[in-house]
Amino acid sequence: MNRPLATRLSRLAQYGFLGALFLFIATPMLVIVVFSFDANRFPTIPWGGFSLEWHRAILDDPMIRDAFVNSVLVGLGTAIASTVLGFAAAYIDFRYRFQLKLPFVLLVAVPPAVPATILGMAMLAFLSRLGLFGRLETIMACHVAIATSFSMAIIRLRLNDLSRDLEPAAWNLGASPAAALIHVVLPFCKPALIASFFLSAAVSFDEFLIAWFVGGVHETLPVRILNLLQGQVNPKINAVGTVVLVVSVALVLLAQRFTGVRAGRRNPTS
Amino acid sequence: MPTPYIALDKLDKRYPDHHAVKSIDLDIDAGEFIAIMGPSGCGKSTTLRLIAGLDEPTGGEIRIGGDSMRGVPAFQRNTPMVWQSLALFPFLTVAENVAFPLRMQKVGAAERRKRALDWLDRLGLAGMAERNIAQLSGGQRQRVAIARALVTEPSVLLLDEPLSALDAHLRVRMQTELSRLHRELGITFVYVTHAQSEAFALADRIVIMSEGHIQQVGRPQDVYRAPANAFVAEFMGMNNLIRGEVRGGADGQLEIGSALGDFRVPADAARPEGSRGDFVIAADRIALAADIEGPGIAGTVLGLEFVGSTQTVFVEIEGGTEFRVQKQQHEIEALDLVPGRRVKLSWDSRHAWLLPQAA
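Since the model is a prediction, treat every value here as computed from it, not as a measurement.

1. Focus: the overall build of chain A
Thought 1: Along chain A, the regular secondary structure elements total eleven helices and zero strands.
Thought 2: Radius of gyration (C-alpha) of chain A: 23 Å, far over the 18 Å computed for a compact globule of 270 residues.
Thought 3: Seen along its three principal axes, the alpha-carbon backbone of chain A occupies a region of about 75 × 70 × 30 Å.
Thought 4: Across the 270 residues in chain A, those meeting the buried criterion constitute 39%.
Thought 5: Of the contacts made within chain A by residues no fewer than 6 positions apart, 71% connect residues no fewer than 24 positions apart.
Thought 6: One way to put it: in chain A the 21 positive side-chain charges average out to a point 12 Å from where the 13 negative ones average out.

Given below as structure tokens:
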């Protein structure tokens, strides 16, 4: 095949641009990963040789271990709570018509749009009055407020594909409204529920500012990283960063796997 | 007189913006195949949903097997329905779909699988049990929906335009299938459709609805030959309506004067002179003659239309009225009917049907 030169050049330019863009986004992360395995104490070129020293060091650091456990607990709790709440909100929006529906949907959707600093400060002021300041549950509650709006969006999108006849058909075949919910609506939403679970976990795992405001002595992993940075330059940071990166990417990939964006896999329900 | 199995008593349904069903009364016998027909928006599907309990009536009552359904939720009625959209569960296999109602009744797994497979077998779907719904053809999905509705062995089956999504040849096959099932099961079928051919082919009795009212209830041949009013006559399609007034009467016949001339029709009762005397003459009761001089009304052939073994001839009468005449192919050839040809229409006055006077 002999394409005209202009076409080939244009092709090349397109791929080149795409590659450059990708590098621009990925390089900082790649640098962290690469230097986390560097034997040098300070991330400098030339590379000092491969070493697992810093990864071993973070395993030996009890504060990093605690922060990791905290992050996992908060992430799990957030994932469960916001998926349940997100499903409830999406289902209410799907099934019922009522007067204050718009304010209701806005209320669920708006938290991620509020600047995190303001949200964090507001939460701090509010929760400390309630005497809930500085607990893991507090961080979790704040993360749920943000993640629920993502959960609702994902699940609501899936419910759009649920034929309006399917639930009444289940009632007609002897399923009580509760049984129809369990045996028809939930199984139909399963991919979206799983996606929502992983995405909420990722949102929580990455969130820094609010966790820093309301966590008190309880540090999540991102908060621990900041505190490490505020001390002297510590080679452990790259290793922690790598762990956070791997976990976050894994969670988002899992979420994508279940959002049903794959082509050619739509169920003919209507 | 046996008590009706399903009784609708002044049943009424009003939506905020629409009065769908206007205080209808209807008795359906056990084991009957009844078809509810009418143009879209006439209230036929709403009536079906009310029977199933998927909508709350705003007035009147439904009794099934003598019991009032007031306050009985849909899932406790055992009035399974075959949906126009089929409403199969896409995340379940064919066998799981059919077994769904049994699962809701807490029937054990082995038992419900056996019964589901039996029904699949009965509807010619043996070997399809483990397939996904998406892997089935339209006709196969239709059968799954029917099997799922019948698996609990209900005493009534509701069908909401079940065949409208199928190709013409499949529709005819499914009609035969439904007819067979009705005969074998002996249960009550309530069948909503807008297709006259389906209603006529299947039903023991036909209910014609329009704008929330029942216009007529009767056997197919009665609805066809003896429509209760002008709406039914025109809805049936193959009737020609002539509006006129009573001029007199003798020997069990009435003299009707109309814009097209004077006609005699069989009298249903004594009617005063000058009262309304609208009558219909069925398209297949009209004779056509090439001889313009004879008795009858003259017209011009507008066009022809195939309907299976017969053809419909459209004839325009002076004054713009259009008549439909149904004729066999050979008759059309014998008369050499082509658009523009002049013909004479006539009929035996005994075949005219005088519309009953409005109550």
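Moving on from the model shown.
2. Focus: the nonpolar core
Thought 1: If you look at the biggest cluster of nonpolar residues, it comprises 59 residues, and the most contacted ones within it are Phe100 and Val190 of chain B.
Thought 2: A per-element tally of this core places helix α8 (residues 177–206) of chain A first, with nine residues.
Thought 3: When near neighbours in sequence (up to four residues on either side) are disregarded, Phe100 of chain B contacts Ala170, Leu173, Ala175, His183 and Val184 of chain A together with Phe89 and Leu92 of chain B.
Thought 4: With 48 residues, the next largest nonpolar core counts Leu159, Leu163, Leu166 and Phe189 of chain B among its residues.

3. Describing the sheet that holds strand β18 (residues 310–317) of chain B
All names here are of chain B.
Thought 1: The strand order across the open sheet built from five strands is β16-β20-β17-β18-β19, with neighbouring strands paired in antiparallel fashion. Sheet topology places β16 (287–289) and β19 (322–328) at the edges, where each strand pairs with a single neighbour. Between one strand axis and the next, the sheet turns through 45 degrees on average, direction left out of account.
Thought 2: Across seven bridges, β18 lies against β19 in antiparallel orientation. Paired with Thr310 across the two strands is Gln328, which belongs to β19.

4. Regarding the pattern of salt bridges
Thought 1: On inspection of all chains with the given rule, the structure shows 26 salt bridges over all chains.
Thought 2: Put simply, Glu137 of chain A and Arg135 of chain A hold a salt bridge, and the shortest N to O gap is 3.9 Å.
Thought 3: Residue classification places Glu137 of chain A among the partly exposed residues on the basis of a relative accessible area of 47%.
Thought 4: Its salt-bridge partner being Arg113 of chain B, residue Glu130 of chain B comes within 2.7 Å of it at the nearest N-O pair. Residue Glu130 of chain B is found in the loop between α3 (109–122) and α4 (138–150), and its partner Arg113 of chain B is found in helix α3; the two are separated by 17 residues along the sequence.
Thought 5: Since its relative accessible area comes to 38%, Arg113 of chain B is described here as partly exposed.
Thought 6: Ionic contacts of the salt-bridge type, sharing partners, join the residues Arg122, Arg143, Glu177, Arg180 and Glu184 of chain B into one network.

5. What to know about the interface of chain B and chain A
Thought 1: Each partner contributes to the interface: chain B provides 22 residues, whereas chain A provides 20 residues.
Thought 2: Remark: the boundary between chain B and chain A carries zero salt bridges.
Thought 3: For the interface between chain B and chain A, the tally reads four residue pairs in polar contact (both at pLDDT 80 or more).
Thought 4: Residue assignment for the side of chain B that touches chain A shows that the elements contributing at least two residues are α2 (94–104) and α4 of chain B.

6. Observations concerning the sheet that holds strand β13 (residues 253–258) of chain B
All names here are of chain B.
Thought 1: The antiparallel open sheet is built from three strands, whose spatial order is β12-β13-β14. If you trace the sheet from one side to the other, it starts and ends with β12 (244–250) and β14 (261–266), each paired once. On average, adjacent strands in this sheet sit at an angle of 30 degrees to one another, irrespective of strand direction.
Thought 2: Of the strand pairs in this sheet, β13 and β14 are connected by six bridges, and their pairing is antiparallel. Paired with Gln253 across the strands is Pro266, a residue of β14.

7. Some words on helix α3 (residues 62–95) of chain A
Thought 1: The end-to-end C-alpha separation of α3 of chain A is 49 Å, in line with the 50 Å expected for 34 residues at 1.5 Å each.
Thought 2: Sitting at the head of α3 of chain A, Asp61 of chain A places a side-chain oxygen 2.8 Å from the backbone nitrogen of Met63 of chain A.

Procedures and definitions
Residues numbered from 1 in each chain as written. Chains lettered and ligands numbered in written order. Predicted model: local features only at pLDDT ≥ 70, side-chain atom pairs only at ≥ 80, totals over all residues. Heavy atoms only, no water. Helix = DSSP H or I, 4+ residues; strand = E, 2+ residues; numbered from the N terminus. Rg over C-alpha atoms; globule rule 2.2 N^0.38 Å. Buried < 20%, exposed > 50% of the residue type's maximum accessible area, 1.4 Å probe, protein only. Contact = heavy atoms within 4.5 Å. Lys, Arg positive; Asp, Glu negative; His and termini not counted. Charge placed at Lys NZ, Arg CZ, Asp CG, Glu CD. Core = buried A, V, L, I, M, F, W, Y, C linked by side-chain atoms within 4.5 Å. Pairing = 2+ DSSP bridges. Axes fitted to C-alpha atoms, helices over the stretch in contact; angles between N-to-C directions. Salt bridge = Lys/Arg side-chain N within 4 Å of Asp/Glu carboxyl O. Polar contact = N/O pair within 3.5 Å; in protein donor to acceptor, adjacent residues only side chain to side chain. Expected span 1.5 Å × (residues − 1).

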